[in-house]
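Notes for the structure review
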Amino acid sequence: MAPDVSVIGLGRIGLPLALSFADRGLRVLGVDKDPERLAAVRDGQMPFYEPGAQDALARVRAADTIAVTDRVAHAAQADCIVITLGTPSFSHVEIDIRDIRSALDDLLPHLRPGHTIALRSTIAPGTTEFVAGYLAKHRGFVIGEDVFVAHAPERIAAGRFFEEIGTLPCIVGGVGEASGERVGALFDVFGAPIVQTTPVQAELAKIWTNILRYATFALPNLLMMDCEQHGANVFSVIDLINRDYPRGGIAMPGLTAGTCLRKDFAFSEERSAAPGMLLAVSRVNESVPLFLVEGLKRRMGSLNGRKVAVLGLAFKGNTDDERDSLAHKLIRLLERELADVTVHDPRVATPTPPLEETVAGADAVVVAANHSEFCTDATLRRIGALAGGDALIVDPWNCFGAAQVFAYVSEHSALANGRAFIA
Ligand SMILES: NC(=O)c1ccc[n+]([C@@H]2O[C@H](COP(=O)([O-])OP(=O)(O)OC[C@H]3O[C@@H](n4cnc5c(N)ncnc54)[C@H](O)[C@@H]3O)[C@@H](O)[C@H]2O)c1
């Protein structure tokens, strides 16, 4: 029997989405060019961590509502085709839509009137109209009458897919009213409100959702650097700003990156009316690793031959996703100072030594990702026991709750007296 919906690109977004459709009883065909990814789905083993995904995979395999293939052309067996391919940026402020074009080229000979294509990937303004124009040009379809094309951007946060797919308003920008209606009907299966708009407004809404977050975190990151310059404590200043103040609040500092935030602003920069503004936001976030390394050097002198333990390789806490993580930049910068760098992250696929081995005898410990297992009294005590009270802890996330970006283990212990740690 033909599938109801095909999902092209079984990545961090596509696979949970395919499972969510299949879990609602739709027959799903998942398409990916990566044979390991396909084997993992066939074997019922999630290839990455997303809460709830492993159970969903077991359910949809038992219900036999999901099949997978490496052939994009097979996606045309379903009336609805959802594209969840990666859309990285070239390094010079331009979206890279090669994967999307390649999938479209594979689909072209197989498309027929009645097909619906939903672009779920994050795309630069104008990309949905480009896709519609591409299909019209090469197959002569009237988009919105013969074949339907809409952008339905994915706005979930990694780690919250199954929670948010049924609650976040689903933005749909159709090329023509009928396109919006068809893609809206497909995503209506999740029960969240469907918000119809134009393709370019859907594209802008998604990109600017991420720009808002990227800029939101750049402010406390810049404040953290300003505070260091003035000998002030960023956590105290943030508390002064936010305490009982009714008009918004400033976020907390951290290593702000990841595969979406780091690239999506570039899609707006392509044609920006204020070139440079968001590049400056990016530069602030991108310079946090250097700020932390310079802070270490100010306190410890040369890092040559000093042991620096880095906790966390993931791009944020409680994920196994290492893509575009600033931890890698931090490690490279530490290595350029000739520090002896050790790394521990129990969540990512990259194998790392145990915590004890990583922090034993360390002169400094940097919390690069605030995984919940790091942010405990027990972890701090183990660091204290193995690295000693003179070890410098660098904790921009305030993972240990001492409200100090740079503080020695002994200061942490003093601050910890009588205070509960974040569990
Ligand atoms: N990861 C997130 O949290 C998140 C959130 C919202 C939106 N997005 C957006 O969703 C899109 C997908 O992101 P992702 O993180 O899932 O990417 P990903 O790299 O994890 O997934 C892309 C998948 O497509 C496959 N692929 C690439 N080219 C292919 C081809 N020609 N044919 C078949 N398969 C192919 C890859 O093997 C990979 O499995 C991006 O545009 C991203 O910006 C991601």
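Residues numbered from 1 in each chain as written. Predicted model: local features only at pLDDT ≥ 70, side-chain atom pairs only at ≥ 80, totals over all residues. Heavy atoms only, no water.

With that settled, the discussion passes to the overall build of the chain. Counting its secondary structure elements, the chain contains 16 helices and 15 strands. With the C-alpha coordinates aligned to their principal axes, the bounding extent of the chain is approximately 70 × 50 × 40 Å. Looking at the 423 residues of the chain, the share that counts as buried comes to 51%. Relative to all contacts within the chain whose residues are 6 or more apart in sequence, the contacts with residues 24 or more apart total 73%. (Helix = DSSP H or I, 4+ residues; strand = E, 2+ residues; numbered from the N terminus. Buried < 20%, exposed > 50% of the residue type's maximum accessible area, 1.4 Å probe, protein only. Contact = heavy atoms within 4.5 Å.)

Here we come to helix α2 (residues 35-42). Inspection of α2 places R37, L38, A40 and V41 among the buried residues, and these make up the whole buried set. End-on view of α2: buried residues confined to an arc of 160°, all on one side of the axis. What points out from α2, more than 90 degrees from its buried face, is the exposed set P35 and E36. Positive phi appears at G44, one or two residues downstream of α2, with a value of about 75°. (Arc of directions from axis to C-beta.)

Residues in contact with the ligand amount to 25 residues; listed here are only the nearest, I13, D32, T87, T122 and K263. In this structure, an oxygen atom belonging to the ligand sits 2.8 Å away from a side-chain N or O atom of K263. Contact distances for the ligand include 3.0 Å between an oxygen atom and a side-chain N or O atom of R323. Burial of the ligand by the protein chains amounts to 88% of its free accessible area of 830 Å². For the shell around the ligand, the class distribution of residues is seven nonpolar, eight polar and ten charged. (Near = heavy atom within 4 Å. Polar contact = N/O pair within 3.5 Å; in protein donor to acceptor, adjacent residues only side chain to side chain. Areas by Shrake-Rupley, 256 points an atom, 1.4 Å probe, with all protein chains shown as cover. Nonpolar A, V, L, I, M, F, W, Y, C, P; charged D, E, K, R; others polar.)

With that settled, consider the domain arrangement of the chain. By domain assignment, the chain separates into domain 1 (5-197) and domain 2 (287-416). A separation of 38 Å is found between the C-alpha centroids of domain 1 and domain 2. Residue-level contacts link five residues of domain 1 with six residues of domain 2. Interface area for domain 1 against domain 2, summed over the two sides, is near 440 Å², with a carbon-plus-sulfur share of 40%. Among the residues domain 1 hides against domain 2, the three largest losses belong to R12, Y49 and A158. Together they make up 91% of the total. With its nearest N and O atoms 3.6 Å apart, the salt bridge here joins D321 to R12. There are three residue pairs in polar contact (both at pLDDT 80 or more) connecting domain 1 and domain 2. Tallied by class, residues from the side of domain 1 that touches domain 2 come to four nonpolar, no polar and one charged. (Domains from an automatic or database assignment. Buried area = accessible area lost by both parts, 1.4 Å probe. Salt bridge = Lys/Arg side-chain N within 4 Å of Asp/Glu carboxyl O.)

Here we come to the sheet that holds strand β12 (residues 340-344). Two pairing modes exist for strands in a sheet, parallel and antiparallel, and in both the strands are linked by backbone hydrogen bonds. Strand order in this open sheet of five strands is β12-β11-β13-β14-β15, and the pairing throughout is mixed. Looking at the sheet topology across the chains shown, the edges are occupied by β12 and β15 (406-408). Taking each pair of neighbouring strands and ignoring which way they run, the sheet shows an average axis angle of 20°. Pairing geometry for strand β11 (residues 307-311) and strand β13 (residues 364-367), over four bridges, is parallel. Bridged to L311 within β13 is V367. Contacts between helix α12 (residues 288-300) and the sheet are confined to β11, β13, β14 (392-394) and β15, with β15 contributing the most and set at about 40° to the helix. (Pairing = 2+ DSSP bridges. Axes fitted to C-alpha atoms, helices over the stretch in contact; angles between N-to-C directions.)

The next subject is the nonpolar core. Of all hydrophobic cores here, the largest spans 93 residues; its most connected members are I8, I100, L135, L292, L296, L334 and I383. Per-domain counts for this core show at least three residues from each of domain 1 (5-197) and domain 2 (287-416). Here I8 is in contact with V31, V72, A75, I81, V82, I83, T84, L85, A103 and L107, once residues within four sequence places are set aside. (Core = buried A, V, L, I, M, F, W, Y, C linked by side-chain atoms within 4.5 Å.)

Time to look at the environment of E94. Locating E94 in the fold gives a position in strand β6 (residues 94-95). For the pair formed by E94 and K316, sequence separation is 222 residues and the distance between their alpha carbons is 25 Å. Excluding residues that lie within four positions of it along the chain, E94 makes contacts with S89 and E270.

It is worth spelling out the state of the cysteines at this point. Taken as a whole and judged by the stated rule, the model has one disulfide. C375 shares a disulfide with C399; S-S distance 2.1 Å. Because the sign of the S-S torsion sets the handedness, a value of about -115° for the bond joining C375 and C399 places this disulfide among the left-handed ones. Here C399 lies in the loop between β14 and β15 and C375 lies in the loop between β13 and α15 (377-387), a separation of 24 residues in the sequence. For C375, a relative accessible area of 4% gives the class buried. Looking at the unpaired C80, the closest cysteine sulfur is the one in C170, lying at 13 Å. The thiol of C227 is not disulfide-bonded; the next cysteine sulfur, from C399, is found 20 Å away. (Disulfide = S-S within 2.5 Å.)

With that settled, consider the environment of V310. Relative to the elements of secondary structure, V310 occurs in strand β11. On the basis of relative accessibility, which here comes to 0%, the residue V310 falls in the buried class. In sequence terms V310 and V366 are 56 residues apart; their C-alpha atoms lie 4.8 Å from each other. Setting aside chain neighbours within four positions, we find V310 in contact with L330, I331, L334, V341, T342, V343, H344, T358, V366 and A368.

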